[in-house]
2 protein chains.
Amino acid sequence: MTGLSRPEARRGASMADVAKVAGVSSQTVSRVANEKTNVDHATRERVLEAMKEVGYQPNHAARALRTGRFKSIGVIVFTLSTFGNMKTLDAITAAAAEVDHTVTVIRIPDPTRGTVSGAYRRLSEQAVDGVVIIFEAHLLDRAEITLPTDQPVVVVDSNAGDGFTVVDTDQTTGAREATAHLLDLGHETVWHISGPEASFSALHRAQSWAATLSERGITPPPVFVGDWTTDSGYRIGKEIVARGDVTAVFAANDQMALGAMTAFHEAGLQVPGDISVVGFDDMEESKAFWPPLTTVHQDFTEVGRLCIQSLMREIETRTHTPGRTLVPTRLVVRDSTAAPKSAA
Amino acid sequence: MTGLSRPEARRGASMADVAKVAGVSSQTVSRVANEKTNVDHATRERVLEAMKEVGYQPNHAARALRTGRFKSIGVIVFTLSTFGNMKTLDAITAAAAEVDHTVTVIRIPDPTRGTVSGAYRRLSEQAVDGVVIIFEAHLLDRAEITLPTDQPVVVVDSNAGDGFTVVDTDQTTGAREATAHLLDLGHETVWHISGPEASFSALHRAQSWAATLSERGITPPPVFVGDWTTDSGYRIGKEIVARGDVTAVFAANDQMALGAMTAFHEAGLQVPGDISVVGFDDMEESKAFWPPLTTVHQDFTEVGRLCIQSLMREIETRTHTPGRTLVPTRLVVRDSTAAPKSAA
DNA sequence: GTGGTAATTGTTTACGTGAACATCTTGCAA
DNA sequence: TTGCAAGATGTTCACGTAAACAATTACCAC
């Protein structure tokens, strides 16, 4: 219409726009937006009205630039496709929301040196006040993840170096309970299906299983190494069937336990009649497996809650307090375990 | 030491700091940071060196304030605890990473009017360039979710109003295939375990099931309404056992199918001998259920990919192009379905 | 009435970046 | 030698916000 070129993209209304409409200074608008008390009631009403009129939305970037706070937590995760990671992320998201923070997720394709570091760097450029690393990798050590801005970090599910703040499930006690449960039922020994070698939770569970056997004077049999998936459990289940001498299996997660049970069923073995099975995780579905699975319950909600709690403390106090918090597990006995036939 | 109070918190090094060390202007540092070509090679090296020396990290807030872009996608989701949502989020995260964007998750406790709107508003204050709503709620309509800044939005898994850009699994065809499969095996009718009433995907699957029966002159039996959980499937399974006249069940997801099968097993019914079961989703575990579950495979990865693709287009072109994209499903026949005994 | 105090509102400024524009080299053709 | 284009670099400024400080008003005790 006119010769003037108008600003190409309509950006949202700013405090200045609100101020003009309300007939106040933009600082007063800021005060209203931040719910400061020292604003006259009538003025506040007028400003709120003006905000509505111009459709004011606070500009997060400007606010963050000014305050240095993003009100957001970064989460680095290897995959969302495992029950544990998903549950933990869910809990972290809920806990973060309670303290009015959002969660920014970065998924790493591959837990190798380069990618972790890269992701961390990528995330530290992002708008986050702190980072949770849900990660299973032997590589994690202080040197690997250099902290460019000394950002608060909490690590879940890892044997990370002492410099880190760690929140984790008490893998050791959980695996001990599972193994002891089978031994107490009268099984002569317990075989183990472990998670992948690169995983620290897998390692912890395997070590604890072996230690429990050793303490009772039993030499641990060889470990079957899986990769957390149902498929690997199934494959290993067939190997176990082929052996013919196994009466009790402790799988490092429920999915592998499920796969193994399928192999047993296919071979005509009864669970728990011929062979007992214990899992780890206590997925929602585990109680509906056939038979309902005896397993070690993990309190992922608590893990997530503690992550955020630790992280927020580090953020607010600007201190770094390394340490390890362990969340207890609970053995849930269902129908996949029983005394061995020989003992019956 | 001196009477001067020093700035309390050490903020990261800025471009100005780098510039001072490198002996250039901060604009040149900016050019190096943004990989512009018009910088002398020697100068670039010097700046990169200086960046390393002072530990420079770009300030995301300042950059976002200047450019108006956050390089982040917001995702509003009701729960991460269903297989589908989790998988979709996973795919979205991966697809977003490919275009160098992060993902900010907001979990809604409850899909009621207030919370959706509130979350949307909360998210629109956040540092995101666009929003994906993974949501199942009848309430979604253009009026409900007012778009204050006219932010790009893509909706998944919903029957949202025509104003929205929607990406969804082809629920209708999937449910039709599942139902037809059972009928083709010779079952006189097929019973349905649906998802919760408030869910549109549940509604679509139920409608399509009913339509498939009707087309063949069969009056659809009453629907059993579940809530997606294994528990509800188990409860309904027991009801089905009590009826005694059911030979074929189509469950709206795999978890409910699993629960129902557990109830059947407990009652001594053979699957598929006495009763056939079909699920929907094709979880990783479904092939290891006992028996391995016949189900409708959903391509969540593709859904996530298309979401980001559509969203990025809207973000980049600043246009809004409503429309519905359907991702095909695939019936996966395993061992939970067979011809009815009467027909054998 | 005067001084003082508390409550409210306004003004100035800086956060770190990148676009727009200005300036300064360098090299080469005329 | 001069002129001039192309490339490299510097300067200025605004994005929207909130802290720090300044100014104004109203009220109350004496």
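Each value, and the rule that gives it
- Residues numbered from 1 in each chain as written.
- Chains lettered and ligands numbered in written order.
- Predicted model: local features only at pLDDT ≥ 70, side-chain atom pairs only at ≥ 80, totals over all residues.
- Heavy atoms only, no water.
- Contact = heavy atoms within 4.5 Å.
- Buried area = accessible area lost by both parts, 1.4 Å probe.
- Salt bridge = Lys/Arg side-chain N within 4 Å of Asp/Glu carboxyl O.
- Polar contact = N/O pair within 3.5 Å; in protein donor to acceptor, adjacent residues only side chain to side chain.
- Helix = DSSP H or I, 4+ residues; strand = E, 2+ residues; numbered from the N terminus.
- Near = heavy atom within 4 Å.
- Nonpolar A, V, L, I, M, F, W, Y, C, P; charged D, E, K, R; others polar.
- Buried < 20%, exposed > 50% of the residue type's maximum accessible area, 1.4 Å probe, protein only.

**Things to note about the interface of chain B and chain A**
(1) Moving on: In this assembly, 56 residues from chain B lie in contact with 55 residues from chain A.
(2) Moving on: Counting each side, the surface lost to burial between chain B and chain A is near 4,700 Å², with a carbon and sulfur contribution of 58%.
(3) Moving on: If you sort the residues of chain B by the area they bury against chain A, Q57(B), L65(B) and W290(B) come out on top, with a joint share of 13%.
(4) Moving on: Linking chain B with chain A are two salt bridges.
(5) Moving on: With a closest N to O distance of 3.4 Å, K287(B) and D231(A) form a salt bridge.
(6) Moving on: Across the chain B-chain A interface, the total number found is nine residue pairs in polar contact (both at pLDDT 80 or more).
(7) Moving on: At the level of elements, α4 (60-67), α5 (83-98), β2 (102-107), α6 (113-125), α9 (230-243) and α10 (254-266) of chain B are the ones that each hand at least two residues to the side of chain B that touches chain A.

**Here's the deal with the protein's contact with DNA strand D**
(1) Moving on: Surrounding DNA strand D, one finds 26 residues, the nearest of these being M15(A), Q27(A), Y56(A), S25(B) and T43(B).
(2) Moving on: Between a phosphate oxygen of DNA strand D and a main-chain N or O atom of M15(A), the distance comes to 2.6 Å.
(3) Moving on: Within the side chain of Q27(A), an N or O atom sits 2.6 Å from a base nitrogen of DNA strand D.
(4) Moving on: The set of elements that each furnish at least two residues to the surface near DNA strand D consists of α2 (26-33) and α4 (60-67) of chain A together with α2 (26-33) and α4 of chain B.
(5) Moving on: Top element by residues in the surface near DNA strand D is α4(A). It accounts for five residues.
(6) Moving on: Of the residues contributing to the surface near DNA strand D, the split by class is eight nonpolar, twelve polar and six charged.

**A look at the protein's contact with DNA strand C**
(1) Moving on: Around DNA strand C lies a shell of 24 residues, among which T43(A), M15(B), Q27(B), Y56(B) and R63(B) are the nearest.
(2) Moving on: Sugar plus phosphate: this is where 57% of the atoms of DNA strand C within 4 Å of the protein reside.
(3) Moving on: T43(A) places a polar side-chain atom, nitrogen or oxygen, 2.3 Å from a phosphate oxygen of DNA strand C.
(4) Moving on: Looking at the surface near DNA strand C, the elements with two or more residues in it are α2 and α4 of chain A together with α2 and α4 of chain B.
(5) Moving on: Looking at the surface near DNA strand C, the element that brings in the most residues is α4(B), giving four residues.
(6) Moving on: Considering only residue class, the surface near DNA strand C consists of eight nonpolar, ten polar and six charged.

**Concerning the pattern of salt bridges**
(1) Moving on: If you walk through the whole model with that rule in mind, you get 20 salt bridges over all chains.
(2) Moving on: With a shortest N-O distance of 2.9 Å, E302(A) and R305(A) are connected by a salt bridge. Separated by three residues within a single helix, E302(A) and R305(A) lie in helix α11 (residues 300-317), roughly one turn from each other.
(3) Moving on: A salt bridge links K87(B) to E284(B), with the nearest nitrogen and oxygen atoms 3.0 Å apart. Taken together, the residues span a long stretch of sequence, with K87(B) in helix α5 and E284(B) in the loop between β9 (276-281) and β10 (294-297) at a distance of 197 residues.
(4) Moving on: Take K87(B): its relative accessible area is 18%, and that puts it in the buried class.

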